[in-house]
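What the coordinates show
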Amino acid sequence: MIRYSLRRVVLLIITLWLLTLLLFSLNYWYPGNPLTNMSGITADNLIAYQQAELARGFDQGLLSQYLKFLQHLINGDWGISLVTEQPVFDEIKPLLGATLELGLLAMALALFLGIPLGVYAAIQQRGLLDRIIMGLSLSAYSIPVFWLAQLFILLFALKLNWSPISGQINPLYAIDVQTGSVLVDILMSDSPYKTAAFYNALHHLWVPVVVLAIMPLTMLIRIMRNSVLDVLQQNYIKAARARGLNDRHIMFRHTLPNALQPIVRQLGLQFSVLMTNIIITEVIFNWPGVGSWLVKSIYERDFPVIQAGLLVLASLILLVNVFVDVIHAWRYPQIRKEIDAE
Amino acid sequence: MSTILDIRNLTIELETSAGTVKVLDKVSLQLAEGEIHTLVGESGSGKSLLAKAIMGFINPRWKITADRLWWRHYDLLSLNPAQRRLVTGRDMAMIFQNPGSYLDPNTKIGDQIRETIPKADLKGIYLRRKASRTVRAERLLHRVGIKDHQKVMESYPYQLSEGVAQKVSIAMAIAHNPKLLIADEPTTAMEPNTRNQIYRLLAKLSAGQGMSILMVTQDLTSIVPESQRMSLVYCGQLMESGATEQILSTPMHPYTQAMLQMSFFDQGIAPKTRLPTLTGAIPTLQHMPIGCRLGPRCPNARRDCIHQPRLTKFKQREFACHFPIREVKSHD
């Protein structure tokens, strides 16, 4: 198990290293001056530019430029934005918080609803409720997220007036941005209107979370249903029944843990899909996260920001995938046999 | 010895695209307390189906009828599924071929054995109950001949060999002291050494605590010496049934004789001569012959064989044949 985890971590490091190679080369492929693309410092500011030339090894060869690039990356000196002229690294921290808040809540919602619904559909196989659940999940699965988001805004914000159109919180509450996750920020703040602010934030939050959760939710329902049906066919479940164990015990101790295995395996993949959807959703709901920031920087050709955004999103997906792999191997020991090819 | 399992004319019908097929056709079987009964049948003979029907692993699409399906004083066919599971769960247990697939792949063996120990056998409150569960699980493993209980209890099923997995299955099966153990080809695809261990273990358990065993096997060579009675089924029909020794020494039914010749043929047989076999092949479900299903393949078959023969009883054995190999001397 430890060996397996170590191997995954080594793989993670290698992948991250390849990612830095790509990011480094991008600076030379973008139009313009590589040094400006990398550091965000233009030749207009001659003194700073000459300092950057030395600091980033531009008086030497490509190899030392790459080594200096890595060094800056690790030290958290990711250059400054070409547009705002603020350090990219400081800008990205609260944005990441906002993105994670949205993503984690959506994932939690999808898991919270998807697993029971899938199990229920499987137990009621071919019954009316099964058909309804599966029909709805298939239709929801075929709706692209950008359209769904617009529909939700149209319905819940404009027609029913249940939620604001966009944004994170009403600016009147004047909550200081610390982590970027608005709920955490409210809890950490000493505003006299904490409770009201919290409700206001939830008001803003629920529509994008639901929009984001629908895609993984439909996937989870379908995987869970098939997986439960598959496990119920297995010999060990039949044997457990024959031994006279009661149904609840079999469901919670044998069926569900085994049926959850494909879910755990899928989580990493679902997270990658979620991240793509999060970029679109953040743009539509004007959510101050990494996704909308990245899209904006592409329009503005803000190369240091593009670089940082790519790095953060890609590392996040890689990290989650490795984490899920390790959890999977830890909880489902029989797959270690496949891994080690015993 | 008293009869604990009494089956008379059990018929299982299956709906197929080619109409209704009787996969079991009027099979009768009696099992006495503490007896080892071997049920022999080739693949497709319905022997596993019979075992499943006794255990109540019933597919709702099967139509089961019987003049009698009694387990001790319960009429199993009249019980509702919940009551039936209660009775079978308490009194019967079954072990299978591929024992590994009957163990939960993601739960440690120890936990799986512990959960089969009936609550009624445990005393004390939570922690003491938990400890006594572990002690009892260890004892069960010792009883099935696993000495290294620590290691086995900490393993997952994929880490065990099939032989050890079968022993674990047996341990779980005997956890609640069942009256009947059904062993459905428990040693198929096992090494001879392991196979003998398992058979010895089952015989010992039967003798030690008066547990009846219904041993389902494919061929006559794997009949254990301890087996008191045996039955042969072919294509869902009972061919012959009686004391094991008698059947093996003086078969009445042509099918039994053919099986004996196939299984224990003369070692001094001349080279390049045909081995003794029945002509033809086992018919498919859709093409079952009428009457005695052995008919087209039977060396003794005559015109009468298009009617299903009734069971002839004679000296505590039964056979279903119009033209048995030996004359039945005394009718009673």
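Residues numbered from 1 in each chain as written. Chains lettered and ligands numbered in written order. Predicted model: local features only at pLDDT ≥ 70, side-chain atom pairs only at ≥ 80, totals over all residues.

- An unreviewed UniProt entry lists chain B under the name Peptide ABC transporter ATP-binding protein, from Pseudidiomarina donghaiensis.
- Under the Subcellular location (unreviewed entry) heading, UniProt states for chain B: "Cell inner membrane".
- Quoted verbatim from the Sequence similarities (unreviewed entry) field of the UniProt record, the comment on chain B reads "Belongs to the ABC transporter superfamily." (UniProt positions renumbered as here; feature names shortened; annotations may be inferred.)

- Under the annotation held in an unreviewed UniProt entry, chain A carries the name ABC transporter permease and is attributed to Pseudidiomarina donghaiensis.
- The UniProt entry for chain A carries the following text under Sequence similarities (unreviewed entry): "Belongs to the binding-protein-dependent transport system permease family. OppBC subfamily."

Quick look at the overall build of chain B
- Broken down by element type, chain B carries 9 helices and 13 strands.
- Relative to the compact-globule value of 20 Å for 332 residues, chain B shows a C-alpha radius of gyration of 21 Å, a close match.
- Dimensions of chain B along its principal axes, counting C-alpha atoms only, are 70 × 50 × 45 Å.
- Of all 332 residues assigned to chain B, the portion counted as buried reaches 37%.
- Residue pairs in contact within chain B that sit at least 24 positions apart in sequence constitute 65% of those at least 6 positions apart. (Helix = DSSP H or I, 4+ residues; strand = E, 2+ residues; numbered from the N terminus. Rg over C-alpha atoms; globule rule 2.2 N^0.38 Å. Buried ≥ 20, exposed ≤ 12 C-beta atoms within 10 Å, placed from the backbone. Contact = placed C-beta atoms within 7 Å.)

Some words on the overall build of chain A
- Scanning chain A from N- to C-terminus turns up 15 helices and 0 strands.
- In terms of its C-alpha atoms, chain A occupies a principal-axis envelope of roughly 80 × 60 × 40 Å.
- A total of 342 residues make up chain A; the buried ones form 34% of that total.
- For chain A, the share of sequence-separated contacts (at least 6 apart) that also reach a separation of at least 24 residues comes to 67%.

Side note on the UniProt feature "transmembrane region" (unreviewed entry) in chain A
Residue and element names in this part refer to chain A.
- Per the UniProt record, "transmembrane region" (unreviewed entry) is annotated on residues 9-30, 102-123, 135-158, 205-224, 267-285 and 305-327.
- With 95% helix and 0% strand, residues 267-285 has end C-alpha atoms that lie 25 Å from one another.
- Helix makes up 100% of residues 305-327 and strand makes up 0%, while its end C-alpha atoms are separated by 33 Å.

With respect to the environment of A213 of chain A
All names here are of chain A.
- With respect to the helices and strands, A213 occurs in helix α9 (residues 194-232).
- For A213, a count of 24 C-beta atoms within 10 Å corresponds to the buried category.
- The spacing of A213 and A110 is 103 residues in sequence and 5.2 Å in space, taken between C-alpha atoms.
- Sequence-distant contacts of A213, that is, excluding residues within four places in its chain, are made with A106, L109 and A110.

With respect to the sheet that holds strand β3 (residues 36-41) of chain B
Residue and element names in this part refer to chain B.
- The 8 strands lie next to each other as β7-β8-β9-β3-β10-β11-β13-β12, forming an open sheet whose pairing is mixed. Each edge of the sheet is formed by a strand with only one pairing partner; in this case those strands are β7 (92-95) and β12 (312-314). Across the sheet, the mean angle separating the axes of adjacent strands is 20° when strand polarity is ignored.
- Here β12 pairs with strand β13 (residues 317-319) via 3 bridges, running antiparallel. Bridge pairing links F314 to R317 in β13.
- On the sheet, helix α6 (residues 162-173) packs against β7 and β8 (180-184) and is oriented at approximately 175° with respect to β7. (Pairing = 2+ DSSP bridges. Axes fitted to C-alpha atoms, helices over the stretch in contact; angles between N-to-C directions.)

Structural notes on the interface of chain A and chain B
- Taken together, the contact pairs 15 residues of chain A with 18 residues of chain B.
- Sorting the residues of the side of chain A that touches chain B by element identifies α10 (235-242), α11 (247-259) and α15 (334-340) of chain A as the ones contributing at least two each.
- The element contributing the most residues to the side of chain A that touches chain B is α10 of chain A, with 5 residues.
- Across the side of chain A that touches chain B, the residue classes tally to 7 nonpolar, 5 polar and 3 charged. (Nonpolar A, V, L, I, M, F, W, Y, C, P; charged D, E, K, R; others polar.)

With respect to unusual backbone geometry
Residues and elements named next belong to chain B.
- Positive phi outside glycine occurs at E185, with the angle close to 40°.
- With 19 C-beta atoms packed within 10 Å, E185 lands in the partly exposed category.
- Even without being a glycine, C235 presents a positive backbone phi close to 50°.
- Within the secondary structure layout, C235 lies in the loop between β10 (229-234) and β11 (237-243).
- Look at C235 and you get buried, because 25 C-beta atoms sit within 10 Å.

Observations regarding the nonpolar core
- Counting residues in each nonpolar core, the largest one holds 82 residues, and the members touching the most others are M94, V168, A171, L181 and I182 of chain B.
- When near neighbours in sequence (up to four residues on either side) are disregarded, I182 of chain B contacts A51, I54, M55, M92, M94, L214 and V216 of chain B.
- Core analysis: the next-biggest nonpolar cluster, separate from the first, contains 67 residues, A98, A201, L267 and I284 of chain A among them. (Core = buried A, V, L, I, M, F, W, Y, C linked by C-beta atoms within 7 Å.)

So, the pairing of strand β9 (residues 212-217) of chain B
Residue and element names in this part refer to chain B.
- With 6 of its 6 residues buried, β9 lies for the most part within the structure.
- Burial of the side chains of β9 extends over both faces: S212, L214 and V216 are buried on one face and I213, M215 and T217 on the other.
- In terms of strand pairing, β3 meets β9 through 5 bridges, oriented parallel. Looking at β9, one finds that I36 is bridged to I213.
- Relative to β9, β8 runs parallel, the two sharing 5 bridges. Bridge pairing links L180 to S212 in β9.

Description of the packing of helix α5 (residues 88-123) of chain A against helix α14 (residues 303-331) of chain A
Residue and element names in this part refer to chain A.
- Contact geometry for α5 and α14: axes closest at 11 Å, N-to-C directions at 45°. As summarised for this structure, α5 and α14 are arranged oblique, according to the angle between their axes. Seen from above, α5 lies across α14 with right-handed handedness. For the pair α5 and α14, contact is made by V88, I92 and L96 and by P304, V305, A308 and V312, respectively.
- Here the residues of the contact of α5 with α14 are counted per class, giving 7 nonpolar, no polar and no charged. (Parallel < 35°, antiparallel > 145°, perpendicular 65-115°, else oblique. Left-handed = near helix turned anticlockwise from the far one by under 90°.)

Overview of the environment of E282 of chain A
Residue and element names in this part refer to chain A.
- One can find E282 in helix α12 (residues 261-284).
- For E282 and Y120, which are 162 residues apart along the polypeptide, the C-alpha to C-alpha distance reads 33 Å.
- If we ignore the near neighbours within four places in the chain, the residues touching E282 are W287, G289, G291 and S292.

A word on the pairing of strand β1 (residues 3-16) of chain B
Residue and element names in this part refer to chain B.
- Relative to strand β2 (residues 19-32), β1 is paired through 10 bridges, and the arrangement is antiparallel. Bridging across to β2, L10 finds its partner in V27.
- In textbook terms, the turn of a hairpin is the stretch between consecutive antiparallel strands, and for β1 and β2 this stretch comprises 2 residues.
- By the bridge criterion, 4 bridges tie β1 to strand β5 (residues 68-71) in an arrangement that is antiparallel. Note on β5: the bridge partner recorded for L5 is W71.

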